[in-house]
Amino acid sequence: MALEAGRLVSRAVARFTSLFGQKRGRYMFIAGLAIVFTVVFMAVAAPLLTPYDPTMPSGPSLAPPSLAHPMGTNRLGQDMWARIVYGARIAVFVVFTATTLSMLVGVPLGLLSAYHGGVVDRVLSMIVDAIYAFPSLILAIALAVALGPSPVNAAIAIAVVYVPTFFRMVRGEALRIKRMEFIEVAKAAGLPESRIMLRHILPNLIYTVLVVYSLAAVDAVLTEAALSFLGLSVQPGTPDWGYDLYYGKDFVLSGYWWLIFFPGLMITLFALGFALIGEGLSEMFRKQV
Amino acid sequence: MGLLRYFAIRAALIIPTVLILYTLVFFILRVLPGDPLTAILGTKNIPPAELKALRHQLGLDKPLIVQYFDYLWNVLHGNFGTSLVVRGRPIAADIFQRLPATIELSIAAMFVSLVIGLVTGYIAAVKKDTVVDSAMRFYGALAYTLFIPWLGLLFQLVFSVWLHVLPSGGRIDPGMAPHPYTGFYLIDSLIEGRLDKFLDALAHLVLPALTLGIVLSGPYTRLLRNSMVRVLESDFVAAYYARGIRKRKIMLHALRNAITPVATYAGLQFALLLGGAILTETTFSWPGIGTYLVDAIMYRDYPAVQAVVIVFAFFVGVISLFVDLLYALLDPRVRY
């Protein structure tokens, strides 16, 4: 009897895991998408999700989580949940702006470099490789300082730093596609270069670009948080996860855990969301190919 | 001969890499708005004449291109210049004082990340397509997305505030710093023969190294798993099984074959390691080169920033060179 039950259980577990194995890509993709959508929803619907103003005191100072303040309050008596919800706005703005800008610059450059080759390719590749090999956070910090602290400038700094990621991936993939027969055919048919690049190579790069976009977004989330943690993004007092973590840092030794736990959790969750999308996509595409 | 030639070319390629980064940082700092004098002096009202004299004294009134080559020339002669903020203080001295702290942290973090990454990756590969495998792979994805200051602060909360077992920051307790023979506290304390200092330094190192190590371990998990899975499906493993060789021995052979991509990545990750070190050092008040660089950038201490960037870029180049050599040693098929 016990043996029979054990066999049943083990079969059920095996079936579940094999299912998970087959559809893991899709599951990861959906889970990631759910996380990212939740954060975007928080950013858009912030006033509906909390009655409090994130920059105004709404309760006692340093109150632990309770029904009235589910994530507690900070030293100024501001509601942490309100700050988390409104903080999503900065994160969403900076991450999508930065990653999209990076893509808009990196993809055409990578495509051109791969298609034309020669001196242009060699010079571009060398510059990009040098930047790529260097700690991106340091360059982002230097750019953010030079431009002056603001979310827009943080987005620009992050965008510049992640151009190499798009460039390298697109260049590599474009080189692979360029050698394929259908491109030779298109060339032999006398199609203009611009048409071959835009109509024949670019569409085949979409999967790569999507995966790189989500993985670059992971880094953008973490870099944005790092910049504001170092005081290089928002003005002091603005609700922002990285800034709130920096603000809460000095209260950790007194045991006020809620000041750092929730902002950091949101940063990591948001990054994880993009990571799951990227991993899921690449697994699904690999299966398709 | 082939290897030697390859080595020479790779070594020579470090120079343009360093030059590109120096150029980039030089112009980012100068072309964009902002000025070291206003950053240092704040918005205090200073007579224009005095400001001009100060500017001349610091060499900031020369044409950019002259400043660019002046500094390069000095670096080639081993002179990294003096700080603009603490005027007259040689930057090389600051870097040499702080670099060992960062290297100590980096090596410890690298060690932590390799141990965690290899163990989780190995387990995932052996338990391929089970719940354990999925859990390990999820760990791999999650670890990379952990925000370093958050993880560090959580560790401080648990181990320093709640459990009182480890210090929350700094490199060593006040008054315990050993004589800087090498600058590495773990080594210097042993040279002095002071076990108490060694243990104190070690206790301070645990949380920062764990924080940085865990975040860096994620990619190793995934790399080793995938490469190990590929090796386990290869013919030679099947042949070992057919010959009845014990599983543990087969696994060791497979591991040795699977480890090369991990070694390559470990070298490439050096840049990530240095970036992560900045955040770890800030979180744990670790007096390393990362916190030095952040301060230098904030105060627009041009020569200091340039010096650190050149040193970093050089390190990145040298490390990746050594990884390539290591690669050639680990994998006898690699020939250049």
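Below is a summary of the structure that appears in this document. (Residues numbered from 1 in each chain as written. Chains lettered and ligands numbered in written order. Predicted model: local features only at pLDDT ≥ 70, side-chain atom pairs only at ≥ 80, totals over all residues. Heavy atoms only, no water.)

Topic: the packing of aromatic side chains
- Following the criterion strictly, the structure yields 24 aromatic pairs over all chains and no others.
- Where A:Trp241 meets A:Phe270, the ring centres are 6.1 Å apart and the plane angle is 85 degrees; that geometry is what we call edge-to-face. Of this pair, A:Trp241 sits in helix α10 (residues 241-249) while A:Phe270 is found in helix α11 (residues 258-288), placing the two residues 29 residues apart along the sequence.
- In this structure A:Trp241 comes out as buried when scored by relative accessible area, which is 3%.
- With centroids separated by 5.2 Å and ring planes inclined at 85 degrees, the aromatic side chains of B:Phe26 and B:Tyr68 adopt a geometry described as edge-to-face. With a gap of 42 residues between them, B:Phe26 in helix α1 (residues 2-31) and B:Tyr68 in helix α4 (residues 64-76) connect regions that are remote in the sequence.
- With a relative accessible area of 0%, B:Phe26 lands in the buried category. (Phe/Tyr/Trp six-rings, centres within 6.5 Å; stacked < 30°, edge-to-face > 60°. Helix = DSSP H or I, 4+ residues; strand = E, 2+ residues; numbered from the N terminus. Buried < 20%, exposed > 50% of the residue type's maximum accessible area, 1.4 Å probe, protein only.)

Structural notes on a nonpolar patch on the surface
Residues and elements named next belong to chain A.
- Judged by side-chain polarity, Phe93, Leu101, Val152, Ile156 and Val160 come together as a nonpolar surface patch covering roughly 390 Å² of accessible area.
- Within the residue set of the nonpolar patch, elements represented by two or more residues are α3 (80-116) and α6 (151-178).
- With 3 residues, the top contributor of residues to the nonpolar patch is α6. (Patch = residues over 30% accessible without salt bridge, like charges linked within 9 Å, V, L, I, M, F, W, Y side chains within 5 Å. Areas by Shrake-Rupley, 256 points an atom, 1.4 Å probe, with all protein chains shown as cover. Salt bridge = Lys/Arg side-chain N within 4 Å of Asp/Glu carboxyl O.)

Quick notes on the interface of chain A and chain B
- Taken together, the contact pairs 44 residues of chain A with 49 residues of chain B.
- Summed over both sides, the interface of chain A with chain B buries roughly 4,200 Å², with 80% coming from carbon and sulfur.
- For chain A, the biggest contributors to the area lost against chain B are A:Phe134, A:Ile138 and A:Ala146; these three give 12% of the whole.
- Residue A:Glu279 is joined to B:Arg222 by a salt bridge in which the shortest nitrogen-to-oxygen separation is 2.5 Å.
- The biggest single contributor to the side of chain A that touches chain B is α11(A), with 11 residues.
- Residues that form the side of chain A that touches chain B fall into these classes: 35 nonpolar, 4 polar and 5 charged. (Contact = heavy atoms within 4.5 Å. Buried area = accessible area lost by both parts, 1.4 Å probe. Nonpolar A, V, L, I, M, F, W, Y, C, P; charged D, E, K, R; others polar.)

Side note on the packing of helix α9 (residues 195-232) of chain B against helix α13 (residues 270-283) of chain B
Residues and elements named next belong to chain B.
- Remark: α9 packs on α13, axes separated minimally by 10 Å, with the N-to-C direction vectors making an angle of 140 degrees. Considering their axes alone, α9 and α13 lie oblique with respect to each other. The hand of the α9/α13 crossing is right-handed. The segment α9 lies against α13, with Pro208, Leu212 and Leu216 engaging Leu272, Leu273, Gly276, Ala277 and Thr280. (Axes fitted to C-alpha atoms, helices over the stretch in contact; angles between N-to-C directions. Parallel < 35°, antiparallel > 145°, perpendicular 65-115°, else oblique. Left-handed = near helix turned anticlockwise from the far one by under 90°.)

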